[in-house]
Amino acid sequence: MNKPHFSADEITELTVGLNQLARNLWWTWNQEAQEVFQQLSPRGWQNLYHNAVAVLHEVSNYELRVRLQDRDFARQARAVLDNFQTYLKEAKTWGRENAPHLLQNPVAYFSAEFGFHETLPISAGGLGILAGDHAKSASDLGLGFVGVTLFYREGYFQQTVNQDNWQSEYYTRLNPRNLPIEPVLDAKNEPLVCTVEIAMNEVYFQAWRVNVGRCPVYLLDTNRPENEQHYRDLTLRVYGGDSTTRIMQEVLLGVGGVRLLRALGVQPSVFHMNEGHAAFLTLELVREKLAEGKSFRDALARTKAECIFTTHTPVEAGHDRFSRDLVNYALNRFQSQLKLSLNDLMALGRVHPEDANEPFCMTVLALRVSRAANGVSELHGQVSRQMWHCLYPDKSPDEVPIGHITNGVHLLGWMKGPVRRFWRRKLGPTWESSVNSADFWQRLTDPEFIADEEIWALRYNLRRELIEFTRRRLLIQGLRLSQDDFIAFDQLLNPDALTIGFARRFATYKRAPLIFQQFENVLKLVRDKQRPIQFVFAGKAHPRDDEGKRFIQHIIHLSKYSELKGYLVFIENYDVHVGRQMVSGCDVWLNNPRRPLEASGTSGMKANCHGCLNFSILDGWWREGYDGTNGFAIGDDSHPDSIEEQDRRDSENLYQTLTEEIIPCFFDRDADGIPRQWIQKIRRAMATLVPQFNTWRMVQEYTRRCYLFK
Ligand SMILES: *Cc1c(COP(=O)(O)O)cnc(C)c1O
């Protein structure tokens, strides 16, 4: 029957459903759901940075009801909402089959940051993105999982660049009303308030819930009227302030996080510390057991049996260390409940417990009080065993109990529209359900099923999207800077050029400007009109990292004032959205860290499903992923000890691979204008890398090897 429109009741149901959907991040990995919000207000969608909650506020309730009188639109919304409900209620999940008891007693995953989507910028980089992708895959797998982090009211900094090409930082205040979060309420419908002892004070906090599909993630927030102003601002910024703020944030995360879960009646069977920041949770678990009358030794052993720990970096500065005075100050009141002397407490965080000069290290605490620990790639596992061998003097380095589980990315969350449409056309509307299987990606090896021409068309489509995105962003950057020699933005970048991308935190070990060490040689390459190449860069330096800021300055300077102008651009304010454009639109994803300091790296994994090829040092995940046919390596599986020697060697190898392998392969076109060898590499990359380097595989591995294992 062809009803002209939906009934008033049906429309009410749809509006309620859309409001619920906007507050569940499931829409961030569902294309059709995003299209519904986008259609409601295309310009709002763009200006509000793809924020479904804000779009619903932009549109009046009356408009929403009227718009739903459009039957096509209402049907589309209905289909999305039906899918969403099916997802939420799905009974036969991997988690139910393989880890049913976790549904009662979940994994509690503590992380100082979670990166979910550009509308909720409470993450500084890769660590947070990994946590977000972990949560999304836990949801997809139907695993019993809750996340805990902080609600940073001003998030992570936004980057601009001043007249001197120097990074400056500014913060915008997030408005909870416009975010996909909900206040956690008590039985009287008031905000649930808990307390934690910090320094000499009782600090109050409330919480917000982010619905990540089927899994909740809780954000703790000290912005409560009961607190003095400096405690209200404790959760202002991601890693904000000095080490006093830092240790207090960590007390809140660890101790406060456990208390919130208890207040909610959640009894986790395992506590997963994502990086050492969360390690104070072990002290709260010990305190609970002491309060039940257990001895300290027994309490510690039982706590250890509940905890697992993932370490994320071999960089020394990446491991929090606090002085004895600071520990004494920040844990003053809490510590008295542990019935531990300051020396005994310090001993838990020291490699050499008796060394009075040694600071308290969060990683040491986490390693001491966890039943299993892991690094995030095979090489990082090895490096971590060496690094922490000092804690296990009676073992050989190989026997140090730190294993590895290689990182991944949440595929559907990263996959861009054109790639999704490509698979929908090829495989029909149910393609998403098999996207994590190896069989799915094996199809790429069959030219009967997918022709080179189709892959090449997809690549052109993605590169075009990146270039137009870059033109828009640079126009905005240029307007603010008002330079005299304004580049003609609408001609910026060449849609036919081999496009090389680099985007990451500008930590110095990642050596962003390495490729430009061969400046004269790179100039020769960009002058070749027959074989055009170009570079797109982005990334933030830590606010206190002047060396990293100098790297940014150098690259922007080259992009504006050297002969690379027009062939090199820097996109400001790298975030999830910029990242998604770049990993999909570039042809080559460049990564040249100083080995072995890149523990895993994940941006290159996001490139794989888009047919962007990795070009990287054999460090982190790429050392496991690269097989000689599915991308490009810089150097070999070794590195010299001398940093100077390493930098020199790597920059030479980089240039050599670029000129001898990459450029010839990309421009070797047959009579039909297709680069057959290049496309063969894309097929190999998709077939061999995508099914391995994703969080669907990773979370299963954590479950089998850590969450279930005792
Ligand atoms: C993926 C991602 C990262 C991490 O990438 P790396 O390769 O580990 O540097 C950092 N920031 C953003 C915004 C990302 O999307």
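Residues numbered from 1 in each chain as written. Predicted model: local features only at pLDDT ≥ 70, side-chain atom pairs only at ≥ 80, totals over all residues. Heavy atoms only, no water.

## A closer look at the packing of helix H12 (residues 281–291) against helix H13 (residues 296–304)
For the pair H12 and H13, the least separation of the axes is 9 Å and the interaxial angle reads 130°. When the axis of H12 is compared with that of H13, the two are oblique. When you trace H12 past H13, the crossing you get is right-handed. Along the contact surface, H12 presents Thr282, Leu285, Val286, Lys289 and Leu290, while H13 presents Phe296, Ala299, Leu300, Arg302 and Thr303. The residue inventory of the contact of H12 with H13, partitioned by class, reads six nonpolar, two polar and two charged. (Axes fitted to C-alpha atoms, helices over the stretch in contact; angles between N-to-C directions. Helix = DSSP H or I, 4+ residues; strand = E, 2+ residues; numbered from the N terminus. Parallel < 35°, antiparallel > 145°, perpendicular 65-115°, else oblique. Left-handed = near helix turned anticlockwise from the far one by under 90°. Contact = heavy atoms within 4.5 Å. Nonpolar A, V, L, I, M, F, W, Y, C, P; charged D, E, K, R; others polar.)

## A short note on the site of the ligand
Taken together, 13 residues are adjacent to the ligand, and Trp414, Lys510, Thr602, Ser603 and Lys606 come closest. At 3.2 Å, a backbone N or O of threonine 602 approaches an oxygen atom of the ligand. Bound to the protein, the ligand loses 92% of the 380 Å² it would expose on its own. (Near = heavy atom within 4 Å. Polar contact = N/O pair within 3.5 Å; in protein donor to acceptor, adjacent residues only side chain to side chain. Areas by Shrake-Rupley, 256 points an atom, 1.4 Å probe, with all protein chains shown as cover.)

## Points about the pattern of salt bridges
It is possible for side chains of opposite charge to pair when their charged atoms get near one another. Counting across every chain of the model gives 49 salt bridges. Taking the shortest distance from any N to any O, the salt bridge between arginine 262 and glutamate 288 comes out at 2.7 Å. Of this pair, arginine 262 sits in helix H11 (residues 243–263) while glutamate 288 sits in helix H12; the two residues are 26 residues apart in sequence, bridging distant segments of the chain. With a relative accessible area of 24%, arginine 262 lands in the partly exposed category. When its relative accessible area of 15% is taken as the criterion, glutamate 288 is described as buried. Between arginine 531 and aspartate 528 there is a salt bridge whose closest N-O contact spans 3.4 Å. (Salt bridge = Lys/Arg side-chain N within 4 Å of Asp/Glu carboxyl O. Buried < 20%, exposed > 50% of the residue type's maximum accessible area, 1.4 Å probe, protein only.)

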